[in-house]
Amino acid sequence: MTLTMYGIKNCDTIKKARRWLEEQGVAYQFHDYRADGLNEGQLRGFVEQLGWQPLLNTRGTTWRKLDEAERNACDNADAAIALMLAQPAIIKRPLLDDGRGHALLGFSADGYQQFISEVSA
């Protein structure tokens, strides 16, 4: 099993999640949306697994910087995917993926522990 963490390297939550994985000795690869990009196929796969609403970070500064018309237009999966591809910082993070159809969004030590136990069983 190869875990991949998707996110942006300077995000505080990403830093916490990466530190936790390293302290637990869990091997993973890091995929930076900004540096490594994200293709539409990958993003559609995550939307199918998790839904577009949970993936769209409406609490962050990227969302707040959008004008009202842009926020209002983001009311379906295709619009959300287009926005997330154009502005990857608007994707909620971290996203931990096992490469076999299981993904976890966000970070908590308990959530990671449970996820890793389930996907490595």
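Everything that follows concerns the structure shown earlier in this document.
Residues numbered from 1 in each chain as written. Predicted model: local features only at pLDDT ≥ 70, side-chain atom pairs only at ≥ 80, totals over all residues. Heavy atoms only, no water.

A. Fine view of the packing of aromatic side chains. In total, this model carries 5 aromatic pairs according to the counting rule given. Pairing Tyr6 with Tyr33 gives two aromatic rings, centres 6.2 Å apart and planes at 20°, and the pair type is stacked. Here the residue Tyr6 occupies a position in strand S1 (residues 3-7), and Tyr33 occupies one in helix H2 (residues 33-36), the gap between them amounting to 27 residues. By relative accessible area, Tyr6 is classed as buried at 7%. (Phe/Tyr/Trp six-rings, centres within 6.5 Å; stacked < 30°, edge-to-face > 60°. Helix = DSSP H or I, 4+ residues; strand = E, 2+ residues; numbered from the N terminus. Buried < 20%, exposed > 50% of the residue type's maximum accessible area, 1.4 Å probe, protein only.)

B. Examining helix H1 (residues 12-23) more closely. The end-to-end C-alpha distance of H1, which contains 12 residues, comes to 16 Å, matching closely the 16 Å that a straight helix rising 1.5 Å per residue would cover. Listed in full, the buried residues belonging to H1 are Ile14, Ala17, Trp20 and Leu21. One side of H1 carries all its buried residues, which in axial view fall inside an arc of 130°. Residues of H1 that are exposed and point over 90 degrees away from its buried face: Asp12, Glu22 and Glu23. Those residues of H1 that are buried lie in contact with S1, strand S2 (28-32), strand S3 (95-97) and helix H8 (109-119). Gly25 lies just past H1 and shows a positive phi near 75°. (Expected span 1.5 Å × (residues − 1). Arc of directions from axis to C-beta. Contact = heavy atoms within 4.5 Å.)

C. Just the side chain of Asp97, in detail. For Asp97, the location among the structural elements is in strand S3. A polar side-chain atom of Asp97 sits 3.2 Å from the main-chain amide nitrogen of Gly99. Not counting residues within four places of it along the chain, the set of residues in contact with Asp97 comprises Thr2, Leu3, Thr4, Tyr6, Phe46, Gln49, His102 and Ala103. (Polar contact = N/O pair within 3.5 Å; in protein donor to acceptor, adjacent residues only side chain to side chain.)

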